[in-house]
Amino acid sequence: MSIRTGLFVLLLVAANSPPAASAVRTTTEIHYEARLRGYGITPTQDSSYVVAAARRWLALVDSGRYATSFDSAAPLLRQMAGSADGWGRFVGQARTKFPPNASSSRVVVRVDFVYSPEGAPPGRYVRIDFRVVGAGATVPEFVVLQEMPAGWLVAMYGTTGG
């Protein structure tokens, strides 16, 4: 296993931890919300914008445009995947249990704001957990977006369980 593959697997495992069942906000969430207000952004506005960015990117994946999703992802994802071909193989394998109408059956389950997660470059990140339902299957899916000068870009993607 190469170092790049090991890092990719490590980051996917770290991002793959199940969301907490508690609805209580953590100190990190409260501090992050305070930082957002310092930017003049409310957490609701920020999460709506980020969820929309995630859905636009996921539409590329849903339509099988893996190379385009690779090209429009954050440098972290491109570095971990190594190439558009490698990314296409990973995504194709991860999505084998997805219903054909994934984009219309995708529901946001949770949005978590994270600042400088361990093992990733410093910055603002948002993890969005989705549930995709259809064709007799429910598939948990997540994306982690990183704030970049060009906007919020997907830095990690995966399916959990399923």
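Position numbers for residues count from 1 along each chain, tracking the sequence in the order it is written. Only residues with pLDDT of 70 or above have their local features reported here, since the model is predicted, and side-chain atom pairs are shown and tallied only from 80 upward, although totals for entire chains, interfaces and linings are computed over all residues. As a convention, hydrogens and water are excluded, and side-chain values are obtained from all of the structure's heavy atoms.

A look at the overall build of the protein
Inference 1: Assigned secondary structure in the protein consists of six helices and four strands.
Inference 2: Each helix (α) and strand (β) of the protein, taken in turn from the N terminus, gives the series α-α-α-α-α-α-β-β-β-β.
Inference 3: The contacts of the protein with a sequence gap of at least 6 include a subset with a gap of at least 24, amounting to 53%.
Inference 4: Surface accessibility of the protein: about 8600 Å² in total, with carbon and sulfur atoms responsible for 58%. Secondary structure elements follow DSSP: runs of H or I of four or more residues count as helices, runs of E of two or more count as strands, with numbering from the N terminus. Contacts are assigned to residue pairs that have any heavy atoms within 4.5 Å of one another. The accessible surface values rely on the Shrake-Rupley method and a 1.4 Å probe; as for residues, cover is taken only from the protein chains in view.

A look at the side chain of Arg106
Inference 1: Mapped onto the elements, Arg106 comes out in strand 1 (residues 106–115).
Inference 2: Accessibility here uses a 1.4 Å probe with only protein chains present; expressed as a share of the type maximum, an area under 20% marks a residue as buried, one over 50% as exposed, and anything in between as partly exposed. We classify Arg106 as buried; its relative accessible area is 6%.
Inference 3: At 2.9 Å, the side chain of Arg106 forms a polar contact with the side chain of Asp62.
Inference 4: For Arg106, the contacting residues outside a window of four places in its chain are Arg55, Leu58, Asp62, Arg95, Phe98, Phe130, Arg131, Val132 and Glu141. Whenever two N or O atoms come within 3.5 Å, that pair is a polar contact, provided that in protein one can donate a hydrogen and the other can accept it, and provided that, for residues adjacent in sequence, both atoms are side-chain atoms.

Some details on the sheet that holds strand 2 (residues 124–134)
Inference 1: Strand pairing follows a simple DSSP-based rule, namely that at least 2 bridges must link the two strands. The strand order across the open sheet built from four strands is 1-2-3-4, with neighbouring strands paired in antiparallel fashion. Only two strands of the sheet have a single partner each, and these edge strands are strand 1 and strand 4 (151–159). Across this sheet, the average inter-strand angle for adjacent strands is 25 degrees, counted without regard to direction.
Inference 2: The sheet contact formed by strand 1 and strand 2 spans nine bridges and is antiparallel. When the bridges of strand 2 are listed, Tyr115 appears paired with Arg124. Helix axes are fitted only over the stretch in contact, all axes being lines through C-alpha atoms; the angle between N-to-C directions runs from 0 to 180 degrees.

Description of the pairing of strand 4
Two faces belong to every sheet, and in a regular strand the side chains alternate between them.
Inference 1: In terms of burial, strand 4 is largely enclosed, as eight of its nine residues are buried.
Inference 2: Both strand 3 (residues 137–148) and strand 4 contribute to a ladder of eight bridges, which runs antiparallel. Counted as the bridge partner of Val143 is Tyr157 from strand 4.
Inference 3: Hairpin connection of strand 3 to strand 4: two residues between the antiparallel strands.

Brief notes about the pattern of salt bridges
Inference 1: Basic side-chain nitrogens of Lys or Arg form a salt bridge, by our definition, when they fall within 4 Å of a carboxyl oxygen of Asp or Glu. The final tally for this structure, using the stated rule, is seven salt bridges.
Inference 2: For the salt bridge of Arg106 with Glu141, the shortest nitrogen-to-oxygen distance reads 2.6 Å. Separated by 35 residues along the polypeptide, Arg106 in strand 1 and Glu141 in strand 3 bring together distant segments of the chain.
Inference 3: In this structure, Arg110 engages Asp112 in a salt bridge whose closest nitrogen and oxygen atoms are separated by 2.7 Å.
Inference 4: Since its relative accessible area comes to 21%, Arg110 is described here as partly exposed.

Considerations on the packing of aromatic side chains
Inference 1: Between rings of Phe, Tyr and Trp, where Trp is taken as its six-membered ring, a pair exists when centres lie within 6.5 Å; planes separated by under 30 degrees are stacked, by over 60 edge-to-face, and by other angles tilted. Enumeration over the complete set of coordinates arrives at four aromatic pairs.
Inference 2: Residues Trp57 and Trp87 carry aromatic rings whose centres are separated by 6.0 Å and whose planes lie at 50 degrees to one another, so their mutual orientation is tilted. With a gap of 30 residues between them, Trp57 in helix 3 (residues 43–62) and Trp87 in helix 6 (residues 84–94) connect regions that are remote in the sequence. No difference in accessibility class separates Trp57 from Trp87, as the two residues are buried.
Inference 3: Between the aromatic rings of Trp87 and Tyr157, the centroid separation amounts to 6.2 Å while the plane-to-plane angle is 75 degrees, which identifies the pairing as edge-to-face. You can see Trp87 sitting in helix 6 and its partner Tyr157 sitting in strand 4, a full 70 residues away along the chain.
Inference 4: The class for Tyr157 is buried, based on a relative accessible area of 1%.

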